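Next come the chains, spelled out residue by residue.
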Amino acid sequence: MTIGDARKGPSSNDSSDSGMKQHSSTEKHLTGSEAASSGVSEPQSKLHVFLAALPLWISSNLTKPRSLKTLLRCWLASWVGFIIILPDASLNVLGTAGFFAMLCSFFLPPNLPVQLFCFMMLTLVVGLCFSWGIGVAAMRAANAVRSAAHIQAVALQIQQSIKSNPTFQADPTLALTTAIYNGKFLDIRASVIYGCFLGFFAFIYGLIRAYIPVLTFTSIFATIGLDIFCTFGPLLPTAEYTLLKTFLISAGCYTGIALITTLFVFPETMSHSALRSVCEQLDRVEKFVTMQGEVLKTVDREDGQAGIDMFKPGTLLLTKLDGMKTMMVAVMRQLNATSGMISLEFSYGKWSSDDVKDLITPLRGIVARSIGLDSFSKIVWRTTDLEDPPNITTNLNTSNKTFTLVDPSINAYNDAHLLRQMTSQTLQYENSHHLRIVDILPLAETATFELRKAIVTAVAVTRKNLDNVNRHRWTRHPDVDGELIRELDAAYESLTAALKDFTQDNQNAKRMQILKPFLALLQKEDGTVLTKSEQEALPFRSLFISFVLGTNLVSLSEAVIAMMNIVRTTTAKRQRNRLWAPKGLRKIGKLLRGAGGSGEEADGGQAFGEDAIPSKEDFDDTGSGKSHKLDPDSRPPTNIFQKIMNKLHGLYRWCGTPEAKFAFKYAFISIATWIPAVVNNSANFYYEEKGVWALIMAQTTLNIYASDQVFNLVIRLIGTFVGAILGLAAWYIGNGNGVGNPYGAAAVTAAFMPPLLFVRNFAPQRYLPGVLLGCATFALVMGYSWVDGHIAQFSSPGIGWSIAWKRFTLVIIGSTAAFIIMMLPPSSGRKAVRHRNASVITGLGNLYSFLMSTWLSDAPLSNKAVEPESDSSTTVDDNRDTQKQLDAEVTPALSQPDLSHPIHSVRWLDKFRVRLLSLSDELNALKQLTMTATWEGSIRGKWPAEEYTALLDAEGEMLIGLALLGGALAHLTDESRVAFMHNTRVLNPNLIADVMTAFSLISQSLRTGEPLHQVLPQSLVGRLLYHHYNHHNLHEASPDRAHGGDGITVETLSSLDYMFYATGIVAVFLVLKSVDDLQKITRRLCGEVPFEGFEKWRSQFESAHATS
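Residues numbered from 1 in each chain as written. Predicted model: local features only at pLDDT ≥ 70, side-chain atom pairs only at ≥ 80, totals over all residues. Heavy atoms only, no water.

Chemist: Would you mind showing me how to read the side chain of Ser 1054 here?
Modeler: In this structure, Ser 1054 sits in helix α44 (residues 1050-1054). Ignoring any residue separated from it by four or fewer positions in sequence, one finds Ser 1054 in contact with Asp 505, Gln 507, Arg 511, Met 512, Leu 515 and Leu 519. (Helix = DSSP H or I, 4+ residues; strand = E, 2+ residues; numbered from the N terminus. Contact = heavy atoms within 4.5 Å.)

Put into structure tokens, the structure is as follows:
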């Protein structure tokens, strides 16, 4: 049995054994005859077929118990939020905004642990309260400038109308109310004050939406509160500081309802949620590693090239791996975002919140190294670039995410003559000695089998122990606990032994199975060692690629051992369940740091169509902590006047950024749609027809980029229409043509809410703007209809149909206004995509230079007694986190004394990790922006979306190569690192200069739209060969500095350090190929400046001067 034939048995919620088991037919979805033969009923088979036909986010959550429990909790809270307005007694207290409780239940359902829900609800309440304070200040200032004579004159008119109107005589207050909402008390000076407050703070709220997406809900509800004050305030002749009272009462009622349901309906603490997510991540890691066996088995056949084709992007197996990888990254990002609040709660169980937090850092390492395994299949597929025939294709279509070479006979400059010559020799040598990648991969599968099996078993047993701790917080099972601990110890010993067998420095090491075909080549048939020149022709490509798999598995094993050490230590220390108190309250501020958010915090920004990460068009992260950019038009200011003018110049430049333009437009559209509320002729119409809805819709629909605007306009209109239809259906089914039946309304609302809340909780985030508008429309139709039928109001909004058509019409008006404002002038999302790609490429180039600088550093990168530095500004908790991170890195080395791994300086690793994650977040945000940019239309011509998708793929592949290179450097000892510096050509200073030049030119071309020149190098690998005098081997060693002899010795090739060195070389070549791909795509996007006769002359020159 191979690991490709094994799979995990139970899910993360099962406590039965898992590990390397045979595939079972009972685990498959059975249909038709298979269902009949297995005894499965036909209805169940149809159910499976039905679920398989649904989108994954629907089918997976319909069958997941945890999702159904969350849905039940959210449904109960939302339903009770509607029920409280049915009795007249509670409705009279809640007032005309009683529907706001149900509205809040759709915007912020209780689908989070109580601490995180309280934080999110606090953002809503803080926004309303802040605007309440601003509104009070505006009302106080406006009333101070009102004309007393005007108020007295209107009062006299009211007295006269009462005398002449019998209706007013019966109810004198009605005359005052009529005068107020007909705009009789409007004062131009007071209206100007309200307008100034509205414009200024709308600008501030727009900046919050643009730069701090995590506070989007705060900004939106603060804007709503300010709109209400500034819309109704100018109409009132006296101060009414409690305009938002009914909204806060309804929000407070919903908060209480949600807290009760969160605490008593399937309650879950942050600690429990985080530990459950850890178990689910380990379950995915277990499957991911197991599937690597299937990846290796795809080439275990006579027709090896057919097996290689299985590595092509888009195949079923790799698509499944990509889906799992995306899920692991998303969950890890959410864990990182919410882990800061784990310590802010009371929890009960064996493990404290800090114990759970201690698992996040090693889990991050496990997930990162697991995802690194995926790089192996991408590198294997890259070998087809060399093995394809010369006339492979001339098609420039890159939508299939592959970057094939162009026919050299048509574009000879795309490949150097020497590189083509060496490629031909390499392929011939590999074929003659059976050293092709398809020949070596079966050996790699066999050599790594025991290690992969031990990893899968260790991860499964670790998950079972954590799941046992999490599920039995209120009960004790000493027998089960003891058995699981013994299994954990056995799995730990098994993994340790497997890792030692694979990494030991002798001929019995498992990895030697991969080396055997190559070791024989280092000696002649008569037993003499090959000369250095003879070694230059040896093809080590397949060996190096196989080493990538080996090093990834070694790194993953070390990360798993690090987590197992923590689990074993904590399990031994925590034997009894107990109550744990909260601590670390000061860390809550970390949740608001940074422009972006992730996990649930980012849900607010993406729910309103905001960009996850603000634009960074001047991205210049070189890791030095200072900017190297100079102003070519002026020197730094030297006096106070120059400094002031320089600040003003910076402010002027900032006003041209998309974020600043958005804030200005946000303020402008707020004023434009508010003005009818303070004009005498339209004030009454604005009030009666609920014009404030159009004002709110115009503000919330406005987006930074035109593409976002168009996309969100479409899905918001669709969501509003669907919500209106559902609201009308629910109202008339439950209430008929009456003003409302409490029993019918309660019953029909209970029936309609589950599908709405299911979509609200589990729909993809890019569709949330439409989903929220649909849910809000449903709440407004039901809530407003009931309120209008049971509370006397001056201007009745209507019931049922009247509410629905007004709502839809006002949404169209507000959205249209936002669309017009966005188009004057538009901020192009397509231009932002191009500029951000340029910024990301600059960042990738800087990260490449950082790693090259680290490799070339004379200072030691490892120290046997290194301790992390701390400064006076570092808190005790931060030092504790840093030390834990360092311990997680070095624990595997300490647990394996035979490996002699260094204890690496945490400083350069931290810098590298932070910058790598930052670029990863940039790429994820850029993918979303690229998908949305297609909505801008093709007015001037078709937008080459497939080219930008290919650009993102090449950048992602380069990020994988840089991660591999960083991991390889982290495992090399200082002695080996320095020695190998003289064995590789990837550190040639001329090559590094060419690579950095390519990064700079590609980024500059994308940023400015200027074409690249044809004479620029097309193949960086070819440039590498020319820089080393046309040698035909990529492993030139210096006899004075390498390993004490000419060429590569058997001892050198067999060493563990050489395996990591080889991985670093493959990583650099992956980066070089990715840069070549970026350059090709950029030429297709921005154009190319021709040089007549250059191609012909270079081809002749290369043929004449290349070494045969």
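Chemist: Explain the packing of aromatic side chains to me, please; I cannot follow it from the model alone.
Modeler: Given two aromatic rings, one states the distance between the centres and the angle between the planes to describe the pair. The full count for this structure, using the stated rule, is 31 aromatic pairs. Measuring from centroid to centroid gives 6.5 Å for Phe 203 and Trp 654, while their planes differ by 85°, and the two rings are edge-to-face. Linking Phe 203 in helix α11 (residues 188-211) with Trp 654 in helix α29 (residues 640-654), this pair joins segments that are 451 residues apart in sequence. Residue classification places Phe 203 among the buried residues on the basis of a relative accessible area of 17%. Judged by relative accessible area, which is 25%, Trp 654 ranks as partly exposed. Taking the centre distance of 4.9 Å and the plane angle of 45° together, the rings of Phe 203 and Phe 664 count as tilted. On the criterion of sequence distance, the pair formed by Phe 203 in helix α11 and Phe 664 in helix α30 (residues 658-674) is long-range, its members being 461 residues apart. Members of the aromatic cluster, connected to one another through ring pairs, are Phe 100, Phe 107, Phe 217, Phe 221 and Phe 247. Positioned above the aromatic ring of Trp 580, the side-chain terminus of Arg 578 is 3.8 Å from the ring centre. (Phe/Tyr/Trp six-rings, centres within 6.5 Å; stacked < 30°, edge-to-face > 60°. Buried < 20%, exposed > 50% of the residue type's maximum accessible area, 1.4 Å probe, protein only. Lys NZ or Arg CZ within 6 Å of the ring centre and 35° of its normal.)

Chemist: Just checking my understanding: could you explain the packing of α30 against helix α36 (residues 801-822) for this structure?
Modeler: If you want to describe how two helices pack, look at the angle between their axes and the distance between the axes. With their axes 10 Å apart at the nearest point, α30 and α36 run at an angle of 135° to one another. The orientation of α30 relative to α36 falls into the category oblique. The element α30 and its partner α36 pack so that their crossing is right-handed. In this structure, α30 contributes Lys 665, Phe 668, Ile 669 and Thr 673 to the contact, and α36 contributes Ala 817, Ala 818, Ile 821 and Met 822. (Axes fitted to C-alpha atoms, helices over the stretch in contact; angles between N-to-C directions. Parallel < 35°, antiparallel > 145°, perpendicular 65-115°, else oblique. Left-handed = near helix turned anticlockwise from the far one by under 90°.)

Chemist: What should I look at first to understand the pattern of salt bridges in this one?
Modeler: Two side chains that carry opposite charge are able to pair once their charged atoms sit near each other. Counted under the stated rule, the structure contains 21 salt bridges. For Asp 481, the salt bridge goes to Lys 350, with nearest N and O atoms at 3.7 Å. Of the two residues, Asp 481 is situated in helix α24 (residues 478-503) and Lys 350 in the loop between β3 (347-349) and α17 (353-357); the sequence distance between them amounts to 131 residues. Across the pair Glu 483 and Arg 486 runs a salt bridge, and its minimum N-O distance is 3.0 Å. Taken together, the residues span about one helical turn, with Glu 483 and Arg 486 both in helix α24 at a distance of three residues. The class of Glu 483 is partly exposed, set by a relative accessible area of 38%. When its relative accessible area of 51% is taken as the criterion, Arg 486 is described as exposed. The network of salt bridges with shared partners includes Arg 66, Glu 268, Arg 276, Glu 280 and Arg 284. (Salt bridge = Lys/Arg side-chain N within 4 Å of Asp/Glu carboxyl O.)

Chemist: Teacher, can you tell me more about the side chain of Asp 1076 here?
Modeler: Inspection of the secondary structure puts Asp 1076 in helix α45 (residues 1056-1086). Lacking a salt bridge, the buried Asp 1076 has Lys 1073 as its closest oppositely charged neighbour, with an N-O distance of 4.9 Å. Apart from residues lying up to four places away in sequence, Asp 1076 is in contact with Gln 1018, Ser 1019, Leu 1020 and Val 1021. (Lys, Arg positive; Asp, Glu negative; His and termini not counted.)

Chemist: Would you mind showing me how to read unusual backbone geometry here?
Modeler: Excluding glycine, residues mostly have negative phi values, and the peptide bonds linking residues are mostly trans. A positive phi angle, near 50°, is found at Phe 266, a position not held by glycine. In this structure, Lys 690 takes a positive phi of about 55° despite not being glycine. As for its position among the elements, Lys 690 is in the loop between α31 (680-688) and α32 (691-701).

Chemist: Can you help me understand the packing of helix α42 (residues 989-1008) against α45 in this one?
Modeler: Two elements in contact, α42 and α45, have axes separated by 10 Å at closest approach and are oriented at 30°. Between α42 and α45, the crossing angle belongs to the class labelled roughly parallel. Relative to α45, α42 is oriented so that their crossing is left-handed. Touching Leu 991, Val 995, Ala 998, Phe 999, Ile 1002, Ser 1005 and Leu 1006 of α42 are Val 1071, Leu 1072, Val 1075, Leu 1078, Gln 1079, Thr 1082, Leu 1085 and Cys 1086, all from α45. Considering only residue class, the contact of α42 with α45 consists of 12 nonpolar, three polar and no charged. (Nonpolar A, V, L, I, M, F, W, Y, C, P; charged D, E, K, R; others polar.)

Purely geometric numbers; function is a separate question.
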